[in-house]
Amino acid sequence: MMTLQEFLEKQFDEELMLAVLSGQRSKDKDAPSRVRIRPIELKGSVCYQASSTVGTKVLHSNHTKEEIISYVTANLGEGCFSQLQTQGRCVDGTVLVSKKGRQTIKVKKHPALEPVRIQAHNRVKQYILKEGTAVPFLVDLGVMNREGKIHNTSYDKFKQINRFLEFIEDILPALSREREITILDFGCGKSYLTFAMYYYLKELKGYDVNIIGLDLKEDVIKKCNSLAGKYGYDKLHFLHGDIADYEGVQKVDMVVTLHACDKATDYALAKAVEWDEQVILSVPCCQHELNSQIHNELLEPVLKYGILKERISALLTDGIRAELLESQGYSTQILEFIDMEHTPKNLLIRAVKNEKAHFPKGLPAMNDALNSHLTLEKLLYPDGLHSEKGV
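The structure contained in this document is the topic of the report that follows.

Let us look at the overall build of the chain. Tallying secondary structure elements over the chain gives 12 helices and 15 strands in all. At 22 Å, the chain has a C-alpha radius of gyration in line with the 21 Å of a compact globule built from 391 residues. Structurally, the chain occupies a C-alpha span of about 60 × 55 × 40 Å along its principal axes. Taking all 391 residues of the chain together, the buried fraction comes to 50%.

In structure tokens form, the structure reads like this:
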């Protein structure tokens, strides 16, 4: 039987692409909720960069192979985390540690992916999609020209696409390589990110994916299907439909909802929970529901200013949504999507299934104090958070 030390020695080699520590156990608010580890080149040598997510911050530290193995060993089990997932060019691995300290180690071989490209650690931002390399769908969607040069007016979109793919990269260990994975993109619109997701997962990473984009605009759906056919993306489909009523699949692995307006985000999140999704990525917008409900005498001196009421309502709405997802067994983070100067819709809710559902004890009282009754709460708890079902 392979020991943890033997597993780590084999996984942390020149073929490693990504390792993720997750399943947070520590109740310390300053403890990281997740650690993402990747090889980088520093001063001519390969080392391992650990990116620790603490609240909304990401802290970086660099380690030698021996140091990173010690770091991972110390943080598994009785440390901060119960799970380690590694992705390599030819081999993936998983370590699960039970509450009693029992370790389950699994190794899975798969067809070789593209050679590992270890990036130099410098101040130049390393994008997943590179400028200078023409990507067909980005050319047709007007982001770059046929030589791969980004149009001046499209740099924000190019950065947004790459930032989104970084979020996808972080959750790769949660997606199976042993079967087809189904991804639904609710409110896909012009589908910049839908095409990018397919290209990254299917073409660059070799996952067997079936991606479905759903939107209410028939002309947009028609154009996107035409482009998917042009590129030979045979497992990328676009359908006309409403988030709340969609019943086209029975099992989905990941739900993406980007800028679904107001309650549409709630319906998408509720669908994701109903399907027992492994991963949810959501960038909400237009949080009008709480803005029309919120009332609190103590906050009235601030809420009387319309723009402040709008922003407070938006932040509270997404915080409540994150807590409700936690109550359904998801490890949830709220992350910055892109810089504030590009768009005010810059928060992303990322939820990964961990089976550790917990009742948000302070949420009912807060909702009462704010007069908050969000659609997502009603969909997940029809009898209310105060009911025995909620408890």
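So that's the structure; there's more coming.
With that settled, the discussion passes to helix α6 (residues 218-231). The terminal C-alpha atoms of α6, which comprises 14 residues, lie 20 Å apart, in line with the 20 Å expected from a rise of 1.5 Å per residue. When we look at burial in α6, the residues that qualify are Val 220, Ile 221, Cys 224, Leu 227, Ala 228 and Tyr 231. Here the buried residues of α6 occupy an arc of 130° about the axis, which is enough to place them on one side. Along α6, the residues that are exposed and aim more than 90 degrees away from the buried face are Glu 218, Asp 219, Lys 222, Lys 223, Ser 226, Gly 229 and Lys 230.

Using the criterion set out here, one finds 14 salt bridges in the structure. Note that Glu 247 and Lys 271 form a salt bridge whose closest N and O atoms lie 2.7 Å from each other. Highlighted residues: Glu 247 in the loop between β11 (236-240) and β12 (254-261) and Lys 271 in helix α7 (residues 263-274), separated in sequence by 24 residues. What makes Lys 271 buried here is its relative accessible area of 6%. Overlapping salt bridges bring together Arg 36, Glu 169, Asp 170 and Arg 350 as one network.

The pairing of strand β1 (residues 16-24) with strand β2 (residues 34-42) spans three bridges and is classified as antiparallel. Each bridged residue has a counterpart across the sheet, and for Val 20 the counterpart in β2 is Arg 36. Of the pairings in the sheet, the one linking β2 to strand β3 (residues 45-54) comprises nine bridges and is antiparallel in character. Across the sheet, Ile 37 pairs through a bridge with Ala 50, a residue of β3. As consecutive antiparallel partners, β2 and β3 are separated by two residues, and within that stretch Lys 43 has a phi angle of approximately 55°, a positive value.

The next point concerns the packing of aromatic side chains. For the structure shown, the criterion picks out 11 aromatic pairs. When the ring of Phe 195 is compared with that of Tyr 231, the centres are 6.0 Å apart and the planes differ by 80°; the resulting orientation is edge-to-face. Here the residue Phe 195 occupies a position in helix α5 (residues 192-204), and Tyr 231 occupies one in helix α6, the gap between them amounting to 36 residues. Taking relative accessible area as the criterion, Phe 195 reaches 0% and is therefore assigned buried. For the ring pair Phe 195 and Tyr 233, a centre distance of 6.4 Å and an interplane angle of 45° mean the geometry is tilted.

Moving on to the packing of helix α10 (residues 306-326) against helix α11 (residues 363-370). α11 packs onto α10 with a crossing angle of 155° between their chain directions and a minimal axis gap of 12 Å. The angle between α10 and α11 falls in the class roughly antiparallel. Where α10 crosses over α11, the handedness of that crossing is left-handed. Listed contacts from α11 to Leu 316, Ile 320, Glu 323 and Leu 324 of α10 are Leu 363, Met 366, Asn 367 and Leu 370. Counted by class, the contact of α10 with α11 contains six nonpolar, one polar and one charged residues.

With 54 residues, the main nonpolar core has Phe 137, Phe 164, Phe 195 and Leu 201 as its most contacted residues. Here the element with the most residues in this core is α5; it accounts for nine residues. With residues up to four places along the chain from it excluded, the contact list for Phe 164 reads Leu 193, Met 197, Val 256, Leu 258, Leu 281 and Phe 337.

Looking at the secondary structure, you find Asn 162 in helix α4 (residues 155-170). Here Leu 129 takes part through its backbone nitrogen, which lies 2.7 Å from a polar atom of the side chain of Asn 162. Residues contacting Asn 162, with those up to four places away along its chain left out, are Tyr 127, Ile 128 and Leu 129.

A separate point is unusual backbone geometry. A positive phi angle, close to 60°, is found at Asp 276, a residue other than glycine. With respect to the element layout, Asp 276 can be found in the loop between α7 and β13 (279-285). Taking the relative accessible area as the measure of exposure, Asp 276 reaches 33% and is therefore partly exposed.

Attention now moves to the sheet that holds β12. Pairing between the strands of a sheet comes from backbone hydrogen bonds, and it takes one of two forms, parallel or antiparallel. Read across the sheet, seven strands follow the order β11-β10-β9-β12-β13-β15-β14 without closing on themselves; strand pairing throughout is mixed. Where the open sheet ends on each side, the last strands, each with one partner, are β11 and β14 (330-336). Going across the sheet, the axis of each strand differs from the next one's by a mean of 15°, ignoring polarity. The pairing of β14 with strand β15 (residues 347-353) spans seven bridges and is classified as antiparallel. By the bridge assignment for β15, Gln 333 is matched with Arg 350. The strands that α7 touches are β9 (181-186), β12, β13 and β14; relative to β12, the one it contacts most, it runs at about 170°. Running over the sheet, α10 touches β13, β14 and β15 and is turned about 155° from β14.

What counts and what doesn't
Residues numbered from 1 in each chain as written. Predicted model: local features only at pLDDT ≥ 70, side-chain atom pairs only at ≥ 80, totals over all residues. Heavy atoms only, no water. Helix = DSSP H or I, 4+ residues; strand = E, 2+ residues; numbered from the N terminus. Rg over C-alpha atoms; globule rule 2.2 N^0.38 Å. Buried < 20%, exposed > 50% of the residue type's maximum accessible area, 1.4 Å probe, protein only. Expected span 1.5 Å × (residues − 1). Arc of directions from axis to C-beta. Salt bridge = Lys/Arg side-chain N within 4 Å of Asp/Glu carboxyl O. Pairing = 2+ DSSP bridges. Phe/Tyr/Trp six-rings, centres within 6.5 Å; stacked < 30°, edge-to-face > 60°. Axes fitted to C-alpha atoms, helices over the stretch in contact; angles between N-to-C directions. Parallel < 35°, antiparallel > 145°, perpendicular 65-115°, else oblique. Left-handed = near helix turned anticlockwise from the far one by under 90°. Contact = heavy atoms within 4.5 Å. Nonpolar A, V, L, I, M, F, W, Y, C, P; charged D, E, K, R; others polar. Core = buried A, V, L, I, M, F, W, Y, C linked by side-chain atoms within 4.5 Å. Polar contact = N/O pair within 3.5 Å; in protein donor to acceptor, adjacent residues only side chain to side chain.

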